[in-house]
Amino acid sequence: MARPRTREVQMFFGTYTPRLDDKGRLFLPAKFRDELTEGLVVTRGQERCLYVWSMEEFGKLTERLREAPVTNRGARDYVRMFFAGASDEKPDKQGRITIPPMLREYASLSRECVVIGAMNRVEIWDADSWQSYSNEQEQAFADLSEEVFPGVI
């Protein structure tokens, strides 16, 4: 008897340095394209980066956000900012996506970008912003692994 097929867990990892072209398009790393080929959602992220979600992951996230009480002001504010800045995109045949002007401005994207895998999402950073963030977080990364994820690492 054949075993039922189970979907592999979606996971993005690695660091890539594509360039933003004059039309605001960015090549997705080849390793990420299969998961994102059917469409994706680009949103504001924390620390002034952009989050890129597969449609499947964005659907899961949306369901979790729906559970937040509409009576909670913080939840309302977060949902407004998150969804008002969201843009659904579909990669072209070359694997490029267009980053809308509002999101490029939010993340201060210039020509030089860094695209990182962050487990269940992709993040797009301005190269200088990523370098600054990465430098600031290096020691915290070393110090917090046991505190934040006890017994995992």
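Residues numbered from 1 in each chain as written. Predicted model: local features only at pLDDT ≥ 70, side-chain atom pairs only at ≥ 80, totals over all residues. Heavy atoms only, no water.

- Taking an unreviewed UniProt entry as the reference, the protein chain is identified by name as Transcriptional regulator MraZ belonging to Nocardioides massiliensis.
- According to its UniProt record, the protein chain has this under Sequence similarities (unreviewed entry): "Belongs to the MraZ family." (UniProt positions renumbered as here; feature names shortened; annotations may be inferred.)

Some remarks on the packing of helix α2 (residues 55-66) against helix α3 (residues 73-84)
Moving on, step 1. Where α2 meets α3, the axes come as close as 12 Å, and the angle between the chain directions of the two elements is 155 degrees. What the angle tells us is that α2 and α3 run roughly antiparallel. Note on packing geometry: the crossing formed by α2 with α3 is left-handed. In contact with F58, L61, T62 and L65 of α2, α3 contributes Y78, V79, F82 and F83. (Axes fitted to C-alpha atoms, helices over the stretch in contact; angles between N-to-C directions. Helix = DSSP H or I, 4+ residues; strand = E, 2+ residues; numbered from the N terminus. Parallel < 35°, antiparallel > 145°, perpendicular 65-115°, else oblique. Left-handed = near helix turned anticlockwise from the far one by under 90°. Contact = heavy atoms within 4.5 Å.)

Here's the deal with the side chain of E57
Moving on, step 1. Among the secondary structure elements, E57 is positioned in helix α2.
Moving on, step 2. If sequence neighbours within four positions are ignored, E57 has contacts with Q10 and N120.

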